[in-house]
Amino acid sequence: MILLIRIQEKVDDNISKEMELKGYQRKDGRKGIRNVILVAYLVECAHHVASEIARPFRDDHVQVIGFGGCYPNTYAAKVMKQLCTHPNVGGVLLVSLGCESFNRRKLAEAIDESGRPVKTLVIQNSGGTSKTIASGQEWIQQTVMSLKKTKQVKLSVEDLIIGTICGGSDATSGIAANPSVGLAFDKFVENNSTVIFEETGEMIGCFEDIINRAETPLLAEELQKALNKAARYYTVMGYGSFAPGNADGGLTTIEEKSLGAYAKSGSAMISGLIKPGDLPNKPGLFLMDIVPDGEPRFGFPNINDNVEITELIASGCHIILFTTGRGSVVGSAISPVIKICGNPDTYKRMSDDMDINAGKVISSNATLEEVSQEIYSKVLQTASGIPTASERLGHQESVITYKTFEPIGPNCLVG
Amino acid sequence: MENSNQFIKLSDNDNVFVLTKNVDVGDTLTYNGENYRVTTPITLGHKIAARAIAKGEKIIKFNMSIGSATQDIMAGEHVHLHNMKSDFIDTHTRES
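The model shown is predicted, which means the values in this text are computed figures rather than measured ones. (Residues numbered from 1 in each chain as written. Chains lettered and ligands numbered in written order. Predicted model: local features only at pLDDT ≥ 70, side-chain atom pairs only at ≥ 80, totals over all residues. Heavy atoms only, no water.)

### A short note on the sheet that holds strand β7 (residues 64-69) of chain B
Read from one edge of the open sheet, three strands run β6-β7-β9 (chain B), paired in antiparallel fashion. Strands at the two margins of the open sheet, each flanked by one partner only, are β6 (58-61) and β9 (84-85) of chain B. Of the strand pairs in this sheet, β6 of chain B and β7 of chain B are connected by three bridges, and their pairing is antiparallel. Residue pairing for β7 of chain B: Ile-60 of chain B is matched across the bridge by Ser-65 of chain B. Against the sheet, helix α10 (residues 254-262) of chain A touches β6 and β7 of chain B, its axis set at about 165 degrees to β7 of chain B. (Pairing = 2+ DSSP bridges. Helix = DSSP H or I, 4+ residues; strand = E, 2+ residues; numbered from the N terminus. Contact = heavy atoms within 4.5 Å. Axes fitted to C-alpha atoms, helices over the stretch in contact; angles between N-to-C directions.)

If you want it as structure tokens, here you go:
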């Protein structure tokens with residue numbers, strides 16, 4: 001039975017040896033695989049101006065991110081800071097309307113301290129829409145030129161942080177795409193990369209197995225607490241993390257979807273529990289707790305897949321492995337998204353949007369091991385600069401919402 | 001393990017199969033030498049009962065419980081929202 005195989009053989013080092021990877025050296029010591037310039041709006045009122053500034057520079061890796069809210073939120077400020085100082089980012093233009101509460105000075109200081117060029121434009125002080133667009137474009141023009149000189153250094157698999165999520169899931173996700181990612185995750189852990197899985201709201205029914213994989217008993221307790229919190233939160237919301245399309249695709253219950261989603265984590269020990277924006281402290285497998293702390297407020301933990309992708313990137317992910325069955329098309333700003341399709345019919349219909357056809361496990365005799373090898377190679381190719389399907393198509397979704405988090409406890413990270 | 005090109009059983013203890021092909025009314029699914037006539041069109045990824053399942057019994061897939069039967073289910077029958085439910089949080093549909 002091919003589906004339950006867990007092959008633990010050491011990964012073929014040939015792939016990584018063949019491919020000399022180069023990364024962008026940042027002054028804070030981190031290494032990136034892309035050299036993006038961000039235009040970040042600090043309230044929805046500045047979104048249009050930010051988009052117009054970036055528009056002529058679509059092919060120069062200039063991308064728009066932002067936070068829409070006018071009210072302050074510690075989580076949003078942290079995620080924004082982590083995105084603006086992400087290793088794939090080379091410089092940042094902040095666009096503020098002027099009256100919103102986002103602490104633009106503090107953000108600009110953090111970016112400056114990280115050694116990246118940063119400029120803040122306040123629309124109300126810059127003469128309105130047209131004038132702000134003009135000065136923004138002038139700064140971008142100069143920064144595009146200066147970033148061409150970014151120092152490139154050798155990058156190894158150990159430098160990579162890789163995240164995974166699933167979206168538009170159907171029953172094939174759990175059979176083909178997710179177990180393949182799980183096997184690929186095992187290979188990355190063996191090769192000292194850092195990998196992150198999340199979706200604690202989609203682990204209902206898998207608690208015991210997760211807890212047994214904790215590196216220490218104290219971490220196991222923390223994992224249990226995080227999973228209980230997620231189960232309670234979704235119960236209060238009244239809906240599990242389950243969309244009608246999941247049922248169309250053959251998934252009947254949240255625990256069935258969870259089993260499939262959980263397969264993405266592979267079989268390595270869990271080395272730590274982080275929250276969005278926390279950076280893993282060592283190589284290995286980490287679980288990201290995405291469910292807010294305290295009484296449920298601000299609505300659903302993650303309103304869509306891109307919030308999850310954004311959070312993974314805020315925790316340092318260079319690359320995201322996104323599994324789908326129904327056929328999601330999204331990508332992301334900052335870090336490339338590799339889309340792995342488990343449904344052979346969907347793959348046929350939407351192959352332009354997909355990077356990996358994991359559905360061949362179902363439609364032909366391919367094994368999960370073969371698909372996981374393909375995923376591993378695709379990650380290295382992507383790290384070497386080859387664009388993914390969503391990058392080619394210009395996708396650069398990014399969403400930051402309101403959430404409340406307490407800092408992680410001392411037992412969440414193991415020394 | 002009794003697989004075919006029509007479906008897979010993900011684990012020995014499972015009481016459901018997963019379809020790997022779309023099937024239509026009139027098609028025949030063969031398992032353990034018995035033929036089951038398909039009475040509704042079912043798309044790949046959906047579940048079929050591998051044996052008779054009594055009301056209240058757990059539905060086992062991947063060797064783990066994914067919910068409970070809300071009515072008696074015959075071998076070969078489509079297993080989905082109409083005859084099983086979550087033991088944790090109810091599943092919502094576009095209509096509900």
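Now that the structure has been shown, the text picks up again.
### Looking at a nonpolar patch on the surface
Residues Tyr-239, Phe-300 and Ile-303 of chain A make up a contiguous nonpolar surface patch of about 290 Å² in total accessible area. Within the secondary structure, Ile-303 of chain A is located in the loop between β11 (284-288) and α11 (305-314). (Patch = residues over 30% accessible without salt bridge, like charges linked within 9 Å, V, L, I, M, F, W, Y side chains within 5 Å. Areas by Shrake-Rupley, 256 points an atom, 1.4 Å probe, with all protein chains shown as cover. Salt bridge = Lys/Arg side-chain N within 4 Å of Asp/Glu carboxyl O.)

### Points about the sheet that holds strand β2 (residues 16-19) of chain B
Residues and elements named next belong to chain B. Strands sit in the order β1-β2-β5-β8 across an open sheet of four strands; the sheet is antiparallel. The outermost strands of the open sheet, each flanked by one partner alone, are β1 (7-8) and β8 (78-79). Two elements, β1 and β2, share two bridges in a ladder whose sense is antiparallel. For Ile-8, the partnering residue across the bridge sits in β2 and is Val-18.

### A closer look at the packing of helix α3 (residues 74-84) of chain A against α11 of chain A
All names here are of chain A. Across the interface, α3 lies against α11 with an axial gap of 8 Å and an inter-helix angle of 65 degrees. Considering the relative orientation of α3 and α11, their crossing is left-handed. Seen from α3, the contacting residues are Tyr-75, Val-79, Gln-82 and Leu-83; seen from α11, they are Val-307, Thr-310, Glu-311, Ile-313 and Ala-314. Residue classes in the contact of α3 with α11 are distributed as six nonpolar, two polar and one charged. (Left-handed = near helix turned anticlockwise from the far one by under 90°. Nonpolar A, V, L, I, M, F, W, Y, C, P; charged D, E, K, R; others polar.)

### Thoughts on helix α2 (residues 47-54) of chain A
Residues and elements named next belong to chain A. Taken residue by residue, α2 has Val-49, Ala-50, Ile-53 and Ala-54 as its buried positions. Here the buried residues of α2 occupy an arc of 130 degrees about the axis, which is enough to place them on one side. Lining the buried residues of α2 we find β3 (36-41), β4 (62-66), β5 (89-96), β6 (118-122) and α5 (129-147). (Buried < 20%, exposed > 50% of the residue type's maximum accessible area, 1.4 Å probe, protein only. Arc of directions from axis to C-beta.)

### A few points about the domain arrangement of chain A
Residues and elements named next belong to chain A. If you check the domain split of chain A, you get domain 1 (25-151) and domain 2 (156-392). Put simply, the middle of domain 1 and the middle of domain 2, counted by C-alpha atoms, are 28 Å apart. Across the boundary between the two partners, domain 1 contributes 20 residues, which contact 26 residues of domain 2. Between domain 1 and domain 2, a total of about 1,600 Å² is buried, with carbon and sulfur atoms accounting for 57% of that surface. The tally of links from domain 1 across to domain 2 stands at three salt bridges. One salt bridge connects Asp-159 with Lys-31, and the closest N-O pair in it is separated by 3.3 Å. At the junction of domain 1 with domain 2, the criterion picks out 13 residue pairs in polar contact (both at pLDDT 80 or more). Counting residues per element, the ones that place at least two in the side of domain 1 that touches domain 2 are β2 (31-32), β3, β4 and α3. In terms of residue count, the dominant contributor to the side of domain 1 that touches domain 2 is α3 (five residues). Of the residues in the side of domain 1 that touches domain 2, the class split is ten nonpolar, six polar and four charged. (Domains from an automatic or database assignment. Buried area = accessible area lost by both parts, 1.4 Å probe. Polar contact = N/O pair within 3.5 Å; in protein donor to acceptor, adjacent residues only side chain to side chain.)

### Quick notes on the packing of α3 of chain A against helix α4 (residues 104-113) of chain A
All names here are of chain A. Where α3 meets α4, the axes come as close as 9 Å, and the angle between the chain directions of the two elements is 30 degrees. In this view, α3 runs roughly parallel relative to α4, as classed from their interaxial angle. For the pair α3 and α4, the sense of crossing is right-handed. Where α3 approaches α4, its residues Met-80, Lys-81 and Cys-84 are matched on the opposing element by Leu-107, Ala-110 and Ile-111. Here the residues of the contact of α3 with α4 are counted per class, giving five nonpolar, no polar and one charged. (Parallel < 35°, antiparallel > 145°, perpendicular 65-115°, else oblique.)

### Concerning the interface of chain B and chain A
In this assembly, 33 residues from chain B lie in contact with 34 residues from chain A. Together chain B and chain A conceal approximately 2,700 Å² of surface at their shared face, both sides included; 68% is due to carbon and sulfur atoms. Counting every contact that joins chain B to chain A gives two salt bridges. A salt bridge links Glu-256 of chain A to Lys-47 of chain B; the nearest nitrogen and oxygen atoms lie 2.9 Å apart. For the pair chain B and chain A, the number of links is twelve residue pairs in polar contact (both at pLDDT 80 or more). Within the residue set of the side of chain B that touches chain A, elements represented by two or more residues are β7 and β9 of chain B.

### Remarks on unusual backbone geometry
Residues and elements named next belong to chain B. In the Ramachandran plot, Phe-62 falls in the positive-phi region, its phi being about 60 degrees despite a non-glycine side chain. By the element assignment, Phe-62 lies in the loop between β6 and β7. Exposure remark for Phe-62: the relative accessible area of 19% places this residue in the buried category. In this model, Asn-63 sits at a positive phi of 65 degrees, which is unusual for a non-glycine residue. Looking at where Asn-63 falls in the secondary structure, it is placed in the loop between β6 and β7.

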